[in-house]
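# Breakdown of the fold
Spelled out from the first residue to the last, the chains are:
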Amino acid sequence: MPKAIRSVNDFVIKFANVNGSGSASANEMFARAVMRMGVPIATRNIFPSNIQGLPTWFEVRVSEKGWPGRRGGCDLMVAMNPQTWDKDIASIDPGGYLFYDSSKPMPESKFRSDVNVVGMPLTEICNRTYKDPRQRQLFKNIIYVGALSALFDIERATVEKLVREQYGSKQQLLESNIKALNLGYAYAKEHLAGLCNLKVAKSGAVGNRILIAGNDAAALGCVYGGATVAAWYPITPSTSVAEAFAKWCRKFRVDPETKRHRFAIVQAEDEISAIGVVIGAGWNGARAFTATSGPGISLMQEFLGLAYFAEIPAVIFDVQRGGPSTGMPTRTQQADILLCAYASHGDTKHVLLFPEDPRELFEMAALSFDLAERLQTPIFVMEDLDIGMNDWLCEPFQWDDSRVYDRGKLMTAAELEAGKTFGRYLDVDGDAIPYRTLPGTHPSKGAYFTRGTSRDRFAKYSEDGAVYVDNMQRLLRKFETAKSLVPAPVLRRAREPARYGVIYFGSTSAPMAEALVSLEQAGLHLDTLRIRAFPFRDEVADFITAYDQVFVVEQNRDAQLRSLLVNECAIDPARLISVLHYDGTPVTARFITAAISERLQIRAKEAAE
């Protein structure tokens with residue numbers, strides 16, 4: 001046997017299955033069993049866009065330190081898909097483990113000499129235990145969960161409790177799943193003892209953290225942020241935002257006495273209609289949003305221009321996926337940055353928010369409605385599939401019950417009656433944000449035309465060049481005002497003076513935090529700035545100019561954030577070094593570490609010469 005990896009509460013296990021085989025719930029059960037032992041986990045579900053038949057992977061990061069991002073590589077591969085066998089075997093770290101179905105003999109050439117093999121005749125066990133072919137497939141998954149629990153020293157009672165929670169109301173399913181679990185556990189105890197040196201030991205490292213997917217968190221943030229209208233069209237990976245919003249609304253937005261719903265959810269015929277409903281609701285004074293992905297944003301362009309030019313509040317959740325066109329619907333990317341920043345034709349600039357995890361997504365979801373009404377403009381919350389559809393271990397959400405919604409500049413009936421001058425596009429306070437009225441504010445005053453054509457400060461139609469320029473310049477000044485309202489970037493100083501900096505954002509934050517530790521251990525010290533919003537506050541340009549060069553880490557091909565920094569901050573492109581990852585899987589700490597260290601070594605060599 002090769003020298004085996006030994007580790008307690010610090011390893012990566014990866015499940016390779018066939019989509020549609022019923023493995024998802026079993027794999028998730030294993031991950032939750034680890035968490036019930038008090039050990040933090042980070043899971044990533046990498047699945048195809050078809051219904052069944054193609055490969056799917058589920059990765060469980062077991063980390064006593066609580067690293068939330070992907071590390072890279074794996075220490076134990078559960079290889080259940082013959083189609084991806086070679087690729088799966090290749091991804092195991094030297095000294096790691098291969099767990100596979102040994103019912104049929106495999107040629108020696110199919111194994112690696114530096115990987116420890118743990119074989120279990122799963123098909124054979126299922127065939128002699130179950131007669132129904134579907135049962136044989138489904139219970140094979142539960143059997144290997146039982147076996148892995150024994151291998152890792154996870155308490156059987158802990159896993160049994162999870163099974164009972166999942167199937168407690170269905171006695172027949174409960175008994176059969178418990179039986180399958182115990183079959184696997186007993187076999188591993190008898191035949192596989194001592195073959196795996198990866199262990200799970202009880203810990204209190206999870207603390208009071210919660211496990212939640214980003215789309216659930218976004219929907220809850222919408223409820224707390226005062227949203228009452230959602231319009232959407234189903235598209236992966238954003239659909240669960242609307243579904244979760246409906247769930248939370250049924251819990252929190254039903255009048256306890258009358259049972260009347262205090263919300264409206266519209267599944268529109270397409271994304272164009274969905275954003276139209278949102279804009280109409282925002283114009284009427286409701287807090288409204290839609291959730292979509294890149295293809296939906298493409299379709300919404302003309303309406304987004306209307307909302308920008310007519311200055312109507314709207315919130316858009318863009319759960320980014322692989323593109324262009326249909327691209328990779330169930331893979332993650334950060335490739336809609338430029339699409340959203342400049343959405344629509346003509347000169348437009350939109351506010352973008354970049355949450356790093358579900359907890360911050362909850363906060364930014366609620367904040368987005370304040371910003372939309374304060375600035376009277378569309379606000380984009382830039383999720384991605386990694387945050388939206390994966391479960392993350394987060395600190396509990398917090399909410400201040402005394403918080404008052406910022407409804408922005410609303411002129412009241414009393415102010416109109418008193419003779420206050422109302423110009424829908426008139427800047428009276430110097431911040432470029434005009435006052436608006438809501439329908440029905442006053443029976444005869446405060447009315448105006450809402451139009452997508454050019455108009456003057458009092459909403460009167462005009463194609464006069466000077467009038468048009470006046471309005472466009474005010475919109476630009478309003479975008480400057482937005483800088484003081486959006487979340488500030490987060491600065492982190494290295495332990496030692498740094499010549500280089502790193503800029504990153506969104507879901508890249510999780511592996512970035514771990515990569516920085518590895519880089520510092522190698523003597524490579526970098527200051528970092530996590531960007532949380534566009535427009536960029538002045539601190540962003542100041543950070544870039546303070547260093548010889550700055551790495552920009554993002555998950556797209558065309559370095560979109562770097563382009564936005566160059567364009568908006570007047571930065572010399574040579575100062576910014578792109579670190580790009582765009583294969584559709586969440587970027588890993590190892591990838592970031594290797595990319596940055598390699599380039600720093602090249603620069604050190606060039607300097608020495």
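On a predicted model such as this, the values are computed, not experimentally measured, just so you know. (Residues numbered from 1 in each chain as written. Predicted model: local features only at pLDDT ≥ 70, side-chain atom pairs only at ≥ 80, totals over all residues. Heavy atoms only, no water.)

## As for the overall build of the chain
Counting its secondary structure elements, the chain contains 20 helices and 22 strands. Computed over C-alpha atoms, the radius of gyration of the chain comes to 27 Å, within 12% of the 25 Å expected from 2.2 N^0.38 for 609 residues, which places it in the range of a compact globule. Its C-alpha atoms give the chain principal-axis dimensions of roughly 90 × 75 × 40 Å. When burial is assessed residue by residue, the chain has 56% of its 609 residues classed as buried. Here the analysis covers contacts within the chain between residues at least 6 apart in sequence; of these, 76% occur between residues at least 24 apart. (Helix = DSSP H or I, 4+ residues; strand = E, 2+ residues; numbered from the N terminus. Rg over C-alpha atoms; globule rule 2.2 N^0.38 Å. Buried < 20%, exposed > 50% of the residue type's maximum accessible area, 1.4 Å probe, protein only. Contact = heavy atoms within 4.5 Å.)

## Details of the domain arrangement of the chain
For the chain, the domain assignment lists domain 1 (7–199), domain 2 (212–394), domain 3 (413–485) and domain 4 (490–608). Centre-to-centre separation of domain 2 and domain 3, based on C-alpha positions: 26 Å. Across the domain 2/domain 3 interface, buried area totals approximately 1900 Å², and carbon plus sulfur atoms make up 59% of it. Among the residues of domain 2 in contact with domain 3, Trp283, Phe309 and Glu311 are the three that bury the most area, contributing 35% of the side total. Our enumeration of links across domain 2 and domain 3 arrives at 4 salt bridges. At the level of elements, helix 9 (271–283), helix 11 (301–310) and helix 13 (358–375) are the ones that each hand at least two residues to the side of domain 2 that touches domain 3. (Domains from an automatic or database assignment. Buried area = accessible area lost by both parts, 1.4 Å probe. Salt bridge = Lys/Arg side-chain N within 4 Å of Asp/Glu carboxyl O.)

## Here's the deal with the pattern of salt bridges
Enumeration over the complete set of coordinates arrives at 41 salt bridges. For Asp86, the salt bridge identified is with Lys110, shortest N-O distance 3.3 Å. Of this pair, Asp86 sits in helix 2 (residues 85–90) while Lys110 sits in the loop between strand 6 (92–101) and strand 7 (116–120), and the two are 24 residues apart along the sequence. Given a relative accessible area of 33%, Lys110 falls into the partly exposed group. With a closest N to O distance of 2.8 Å, Arg457 and Asp470 form a salt bridge. Here the residue Arg457 occupies a position in the loop between helix 15 (413–417) and helix 16 (465–482), and Asp470 occupies one in helix 16, the gap between them amounting to 13 residues. Ionic contacts of the salt-bridge type, sharing partners, join the residues Arg287, Asp370, Glu373, Arg403, Arg407 and Arg436 into one network.

## A word on the nonpolar core
Soluble globular proteins: nonpolar side chains tend toward being buried together. Counting 92 residues, the largest nonpolar core has Phe289, Phe317 and Leu565 as its most contacted members. The leading source of residues in this core is helix 13, at 8 residues. Those residues in contact with Phe317 that sit more than four places away from it in its chain are Ala218, Cys222, Phe289, Thr290, Ala291, Thr292, Leu361, Ala365, Val381 and Glu383. Counting residues in each nonpolar core, the second largest holds 55 residues, with Met80, Leu151, Ile178 and Tyr185 among its members. (Core = buried A, V, L, I, M, F, W, Y, C linked by side-chain atoms within 4.5 Å.)

## Notes on the side chain of Thr348
Turning to its location among the elements, Thr348 is positioned in the loop between helix 12 (337–341) and strand 14 (351–353). When its relative accessible area of 7% is taken as the criterion, Thr348 is described as buried. In terms of polar contacts, Thr348 uses its side chain to reach the backbone carbonyl oxygen of Ala343, at 2.8 Å. Once you skip the residues sitting within four places of it in the chain, Thr348 turns out to touch Tyr308, Ala341, Tyr342 and Ala343. (Polar contact = N/O pair within 3.5 Å; in protein donor to acceptor, adjacent residues only side chain to side chain.)

## Things to note about the packing of aromatic side chains
Aromatic ring pairs are described here by two measures, namely the spacing of the ring centres and the angle between the planes. What the rule picks out here adds up to 24 aromatic pairs. Considering the side-chain rings of Phe543 and Tyr547, the 4.8 Å spacing of their centres and the 50 degrees angle between planes classify their relative orientation as tilted. For Tyr547, a relative accessible area of 5% puts it in the buried group. Three or more aromatic residues joined by ring pairs form one cluster here, namely Phe11, Phe15, Phe30, Phe58, Tyr144 and Phe152. Over the ring of Phe309 we find Arg455, and its NZ or CZ is 4.2 Å from the ring centre. (Phe/Tyr/Trp six-rings, centres within 6.5 Å; stacked < 30°, edge-to-face > 60°. Lys NZ or Arg CZ within 6 Å of the ring centre and 35° of its normal.)

## Focus on the environment of Ser203
One can find Ser203 in the loop between strand 8 (198–199) and strand 9 (210–213). For the pair Ser203 and Val39, spaced 164 residues apart in sequence, the C-alpha to C-alpha distance is 5.7 Å. Sequence-distant contacts of Ser203, that is, excluding residues within four places in its chain, are made with Asn9, Met37, Gly38, Val39 and Glu64.

## Some details on empty space enclosed by the protein
Taken as a whole and assessed by the stated rule, the structure comprises 7 cavities of 30 Å³ or more. Taken together, Tyr308, Lys349, His350, Val351, Leu375, Thr377, Leu475, Lys478, Phe479 and Ala482 make up the lining of the largest cavity. In terms of residues, the lining of the largest cavity owes the most to one element, helix 16, which gives 4 residues. When its residues are assigned to classes, the lining of the largest cavity shows 6 nonpolar, 2 polar and 2 charged. Formed jointly, the lining of the largest cavity draws a minimum of three residues from each of two domains, domain 2 (212–394) and domain 3 (413–485). (1 Å grid on protein atoms, 1.4 Å probe; cavity = no way out; pocket = protein on both sides within 12 Å on 5 of 7 lines; lining within 4 Å. Points joined across faces, edges and corners; volume = space filled by probe spheres on them. Nonpolar A, V, L, I, M, F, W, Y, C, P; charged D, E, K, R; others polar.)

## Regarding helix 7 (residues 214–224)
Burial of helix 7 is extensive: 9 of the 11 residues sit out of reach of the surface. When we look at burial in helix 7, the residues that qualify are Gly214, Asn215, Ala217, Ala218, Ala219, Leu220, Gly221, Cys222 and Val223. After helix 7 finishes, the residue Gly226 shows a positive phi value of roughly 95 degrees.

## Some details on a nonpolar patch on the surface
A contiguous nonpolar patch, built from Ile272, Leu299 and Phe303 and spanning about 230 Å² of accessible area, is present on the exposed surface. One can find Leu299 in helix 10 (residues 294–299). Residue classification places Leu299 among the partly exposed positions, given a relative accessible area of 44%. (Patch = residues over 30% accessible without salt bridge, like charges linked within 9 Å, V, L, I, M, F, W, Y side chains within 5 Å. Areas by Shrake-Rupley, 256 points an atom, 1.4 Å probe, with all protein chains shown as cover.)

## Considerations on the pairing of strand 7
The side chains of a regular strand alternate between both faces of the sheet. Side-chain alternation along strand 7 places Asn116, Val118 and Met120 on a buried face and Val117 and Gly119 on a face that remains uncovered. Looking at chain direction, strand 6 and strand 7 are connected through 5 bridges and run parallel. Bridge pairing in strand 7 places Asp101 opposite Met120. (Pairing = 2+ DSSP bridges.)

## Notes on the sheet that holds strand 20 (residues 533–534)
Spatially, 11-10-12-13-15-14-20 is the arrangement adopted by the 7 strands of the open sheet, whose pairing is mixed. Edge positions in the sheet fall to strand 11 (264–267) and strand 20, since each of these pairs with one other strand and no more.

## Quick word on the confidence of the model for the chain
On average, residues of the chain carry a pLDDT of 96, and 100% of them reach 70 or more. Across the chain, the element-wise mean pLDDT spans from 90 in helix 20 (residues 589–608) up to 99 in strand 14. (pLDDT = per-residue confidence, 0-100.)

## Observations regarding unusual backbone geometry
Glycine aside, the phi torsion of most residues is negative, and most peptide linkages are trans. In this model, Gly323 is joined to Pro324 through a cis peptide bond whose omega is 0 degrees. Of note, Pro324 is situated in the loop between strand 13 (314–320) and helix 12. Of the consecutive residues Phe534 and Pro535, the connecting peptide bond is found in the cis state with omega at 15 degrees. Turning to its location among the elements, Pro535 is positioned in the loop between strand 20 and helix 18 (538–545). For Asn9, which is not a glycine, the phi torsion comes out positive at approximately 60 degrees.

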